[in-house]
Amino acid sequence: MNKALLQDLMQLNTLTGVEVFTGKDGERVIHACTLKLGKAQLGFEHKHKDLKSVVHFAKNFKPGPVALVIRGKGLITKKMERVQGLDPQALNQVLPNANPEHFYFQHYDNGEHSFISAIRRSDTDELMAAFREQGFQVLSLCLDAFVLEEAMELKQGQLEEELLLAYAAAFQLLLGGAHGNYIEVEQQQLRDNRAQAFAKAKLKGIGLLAGMVLLVLLLLNFSLFSYYSGQVKALSAASNISSTEIGKLKNQEKDIRKKTALIKAAGWTGGLNYAYLCDQLLACMPAKMSLQEFSINPPDEQLSRARHELVYQTRLVKVSGACRDASMLNNWIFAIKAKDWVEGCKILNYGINPDDGSGSFAIAIQLKDHEE
């Protein structure tokens, strides 16, 4: 396996850039495109313009990470002499006598001047929450059109003008990687979302790589078994084989059957892509919930004790964690049930700690049969 393929497996390679423009009348227009990075090639996977709302956007794009650009009404940008950062004096030039805690700020330095953009925090949080409710995770937030400075590979004729900002926002994040320098609003939640997305992509890559290695080992195992079985037949026809040698080969065959049965009993055969399922479950999980345990095909303790061997509950995912709001948990369960690969989802237990008001939950997700 070459280095380029390993890098493709371990990095975030699909991202949707979204531009939200608010007109003077308060009406929003959304332009968006999904970029896919693979084998050092950047291509367009999906694109739409003139969408009227976040809900309209969600009907045309798959849930996942997004890079957001905001323009139009409510945004203030001021050009000034170069400054080192967003200090109180610089912020006061943009919004005199305003409380900086009520706004998000972005600083862009073109080498000659500084451009500081500001937008009201409450309106922006509401917009990002709307994306989150539809299953989209905002990884970066850019104000105005400065992000175009980072998109130097726009190809003539491949993209409509309305989609340039959406493309540029996704471009700087995909090409910048986990440690890139971005033109964006500096906000801790965005950095956390970005770190989580890159870590999730790496985990998914590791899972795929492990699956490929396991498949190779299984194929090698079966190939060796077939080879030795053929050798036994050839030697049996040519000469008498000692009962000891035949016994060894039979033991090997028995061991292989046990391993094969164990793999089938554990539920790791068939067409289920567990890395994809984990990614989808986490993508639709509300951000205010936290996970403590995530178990795929867990052992059935009662049957295991009765049979004196491990018995697995195939096509079952158990999830436990913390959630203060029961309605938030119910909303997540509804989102899970809407997945076409989910047969059912139920709450195993839910409780509230009377001392601090924290809530704990456990749910069980039954997957549909995708056996091939």
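Structural data are supplied above this passage.
Values in this document were obtained by computation on a predicted structure and should not be read as measured data. (Residues numbered from 1 in each chain as written. Predicted model: local features only at pLDDT ≥ 70, side-chain atom pairs only at ≥ 80, totals over all residues. Heavy atoms only, no water.)

> How would you explain the nonpolar core if you had to name every residue and give the values?
Grouped together as the largest cluster of nonpolar side chains are 25 residues, with contacts concentrated most on Leu15 and Leu35. Counting residues per element, the ones that place at least two in this core are β2 (28-38), β4 (65-72), β8 (137-143), α5 (164-176) and α6 (188-238). When residues in this core are grouped by element, the largest group, nine residues, is from α5. For Leu35, the residues in contact, after removing those within four places along its chain, are Asn13, Thr14, Leu15, Leu42, Gly43, Phe44, Tyr167, Ala170, Phe171 and Leu174. Leu51, Phe57, Ala58 and Leu141 belong to the second-largest nonpolar core, a separate cluster that totals 24 residues. (Core = buried A, V, L, I, M, F, W, Y, C linked by side-chain atoms within 4.5 Å. Buried < 20%, exposed > 50% of the residue type's maximum accessible area, 1.4 Å probe, protein only. Helix = DSSP H or I, 4+ residues; strand = E, 2+ residues; numbered from the N terminus. Contact = heavy atoms within 4.5 Å.)

> Lay out helix α4 (residues 121-133) with the relevant residues and their values.
Counted at 1.5 Å a residue, the expected span for α4 with its 13 residues is 18 Å, and the 18 Å between its end C-alpha atoms agrees. For α4, the set of buried residues is Thr124, Leu127, Met128, Ala129 and Phe131. Looking at the residues trailing α4, positive phi occurs at Gly135, about 95 degrees. (Expected span 1.5 Å × (residues − 1).)

> Summarise the sheet that holds strand β9 (residues 290-296); cite the residues concerned and give the values.
Strands sit in the order β9-β10-β12-β11 across an open sheet of four strands; the sheet is antiparallel. Two strands close off the open sheet at either side, each with one partner strand: β9 and β11 (342-352). The mean inter-strand angle of the sheet, taken between neighbouring strand axes irrespective of direction, is 15 degrees. Of the strand pairs in this sheet, β11 and strand β12 (residues 359-367) are connected by nine bridges, and their pairing is antiparallel. Pairing of Ile347 across the sheet is with Ile363, part of β12. Its contacts with the sheet put helix α8 (residues 274-283) on β9, β10 (316-322) and β12, and the angle it makes with β9 is roughly 155 degrees. In the packing of helix α10 (residues 326-337) onto the sheet, contacts are made with β9, β10, β11 and β12, and the angle to β11 comes to roughly 170 degrees. (Pairing = 2+ DSSP bridges. Axes fitted to C-alpha atoms, helices over the stretch in contact; angles between N-to-C directions.)

> Please provide a residue-by-residue account of the sheet that holds strand β5 (residues 75-81), values included.
Reading across from one edge, β5-β7-β6 is the order of the three strands in this open sheet, with antiparallel pairing throughout. This sheet does not close on itself; its edge strands, each paired only once, are β5 and β6 (103-109). Sheet twist, expressed as the average angle between the axes of neighbouring strands with direction ignored, equals 20 degrees. The pairing of β5 with strand β7 (residues 113-120) spans seven bridges and is antiparallel. From the neighbouring strand, Glu81 faces β7, where its bridge partner is His113. Each of β6 and β7 is contacted by α4, which is oriented at about 75 degrees to β7, the strand it contacts most.

> Provide a residue-level description of the packing of aromatic side chains, including the pertinent values.
In total, this model carries 11 aromatic pairs according to the counting rule given. Seen from their ring centres, Phe57 and Phe136 are 4.8 Å apart, and the 50 degrees between their planes marks the pair as tilted. With Phe57 in helix α2 (residues 54-60) and Phe136 in the loop between α4 and β8, the pair connects residues that are 79 residues apart, well separated along the chain. The class of Phe57 is buried, set by a relative accessible area of 0%. Both rings, one in Phe115 and one in Phe146, keep their centres 5.2 Å apart while their planes meet at 45 degrees; by these two values the pair is tilted. Taken together, the residues span a long stretch of sequence, with Phe115 in strand β7 and Phe146 in the loop between β8 and α5 at a distance of 31 residues. (Phe/Tyr/Trp six-rings, centres within 6.5 Å; stacked < 30°, edge-to-face > 60°.)

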